[in-house]
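Geometric and topological summary
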Amino acid sequence: MSATNLNNGRKSVFTFFLGILYFIIVSIFDYITGFEIATSIFYLFPITFYCKFYGLRGGIVASIFAAILWFLSEVLSNHVYSHPAIPFWNAFVRLGFFIIISVIYVRLEHEINQQRTLNSQLTEKNAEIMRLANIKSEFASMVSHELRTPLTAIKENLAIVYDGSLGPLTMEQKDFLETVKHNVDRLTRLINDILDFQRLTSGLMPFKFTLEDLNRLILGVTKNFCSVAEKKGIALKVELSSDIPQIEIDRDRMSQVLVNLIQNAIRYSDEGAIKIRTDTAGGEIHISVEDQGRGIAPEEMPKLFHSFQRLSSSETGGKQEGTGLGLAISKKIIEAHNGAIDVTSQLGEGSIFKVRLPHRV
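These notes cover the structure that comes with them. (Residues numbered from 1 in each chain as written. Predicted model: local features only at pLDDT ≥ 70, side-chain atom pairs only at ≥ 80, totals over all residues. Heavy atoms only, no water.)

In this section: the nonpolar core. Counting 39 residues, the largest nonpolar core has Leu214, Leu261, Val355 and Leu357 as its most contacted members. It is helix 7 (residues 251–267) that contributes the most residues to this core, seven residues altogether. Non-local contacts of leucine 261, meaning those with residues more than four positions away in its chain, are made with Val289, Leu327, Ile341, Phe353 and Val355. Tyr43, Trp70, Phe71 and Ala91 belong to the second-largest nonpolar core, a separate cluster that totals twelve residues. (Core = buried A, V, L, I, M, F, W, Y, C linked by side-chain atoms within 4.5 Å. Buried < 20%, exposed > 50% of the residue type's maximum accessible area, 1.4 Å probe, protein only. Helix = DSSP H or I, 4+ residues; strand = E, 2+ residues; numbered from the N terminus. Contact = heavy atoms within 4.5 Å.)

Strand order in this open sheet of five strands is 2-4-5-7-6, and the pairing throughout is mixed. Strand pairing shows two members of the sheet lacking a second neighbour, strand 2 (235–239) and strand 6 (340–346), which therefore form its edges. Each strand axis lies, on average, 15 degrees off the axis of its neighbour in the sheet, ignoring direction. Judged from the seven bridges that link them, strand 5 (residues 284–290) and strand 7 (residues 350–358) form a sheet pairing that is antiparallel. When the bridges of strand 7 are listed, isoleucine 285 appears paired with leucine 357. Where helix 5 (residues 214–223) meets the sheet, it contacts strand 2, strand 4 (273–281), strand 5 and strand 7, and its direction lies at approximately 170 degrees from that of strand 4. In the packing of helix 9 (residues 326–336) onto the sheet, the strands contacted are strand 6 and strand 7, and the crossing angle to strand 7 comes to about 25 degrees. (Pairing = 2+ DSSP bridges. Axes fitted to C-alpha atoms, helices over the stretch in contact; angles between N-to-C directions.)

Overall, the coordinates contain twelve salt bridges when judged by the stated rule. Across the pair arginine 131 and glutamate 128 runs a salt bridge whose closest N-O atoms are separated by 2.6 Å. Note that arginine 131 and glutamate 128 are positioned in helix 3 (residues 86–162) at a spacing of three residues, about one turn of the helix. One salt bridge connects aspartate 342 with arginine 356, and the closest N-O pair in it is separated by 2.8 Å. Taken together, the residues aspartate 342 in strand 6 and arginine 356 in strand 7 connect sequence positions 14 residues apart. Taken together, the salt bridges that share partners define one network made up of Lys155, Lys181 and Asp185. (Salt bridge = Lys/Arg side-chain N within 4 Å of Asp/Glu carboxyl O.)

This is the structure in structure tokens:
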């Protein structure tokens with residue numbers, strides 16, 4: 001017999017005799033006090049004690065033993081009953097009560113143990129999910145970083161060839177290089193989006209909050225898109241409220257949000273105008289980007305602001321570029337500023353993306 005089994009056997013014998021001793025003590029006390037004090041309730045302690053160590057069978061045996069002891073103590077106390085069957089009736093009532101308590105206790109303990117096991121399993125699964133998420137995040141960051149190095153070299157060498165430093169180029173050669181440059185720039189943007197999203201999701205994105213003039217920032221960002229919008233025949237209109245106070249923001253990250261919203265408005269518009277507005281309401285600063293483009297169908301709305309979700313080809317004019325991370329990144333950046341971003345849209349009439357920022361971040 002192993003030392004563990006021997007110890008368990010000793011504990012079992014000890015608990016058994018401890019319960020018997022408790023029964024005897026309660027019975028003696030019940031006998032001494034007589035009918036005046038209903039001490040039979042104290043039998044529940046050894047009964048639950050046996051339930052814990054010996055299960056439901058032990059609890060039922062203890063209940064029968066307790067009912068017999070209680071009956072004997074009542075009979076031996078010489079109490080006069082109005083009918084001789086009353087002690088037997090009381091004993092059976094007590095027995096039923098003790099057994100019900102035993103069943104309830106055992107089932108309750110079983111449920112608690114199941115819940116503990118389930119909680120333990122959930123904790124282990126959550127830990128595993130976190131571990132896998134960290135692996136995924138580290139892998140994405142590693143791959144992205146590894147890709148950026150050769151891309152930087154490609155861009156630099158491409159620029160040297162394109163500007164004619166290695167000899168004159170024909171128009172056809174320049175067209176090919178333009179295509180290469182476009183795809184290199186696109187791949188760079190994709191990698192940057194993935195890195196940004198991973199950092200934002202893991203809470204590792206650094207934010208540097210400074211007091212900024214929001215209107216001036218919007219004017220600076222919008223100016224970069226004037227030529228792009230003009231080529232598509234789209235007018236960029238900026239309507240900025242003079243009541244906008246300075247606000248603590250991360251200038252670079254807020255610029256990233258504005259670039260994404262204006263870029264999307266131009267991309268999904270073929271005519272009309274795009275309006276960039278600021279105003280204040282309800283203790284908030286609002287930035288809205290309104291276009292007169294294709295709009296978004298109701299069934300496509302749930303895809304917005306979710307990672308790696310893109311609108312269907314019918315919404316994008318049949319051309320889909322990017323990872324679908326732009327709005328998801330923008331949402332997380334705005335939330336880091338304690339703000340919110342939402343959209344209203346009508347298919348065929350355009351969309352309005354609105355950023356809401358508190359006066360104080």
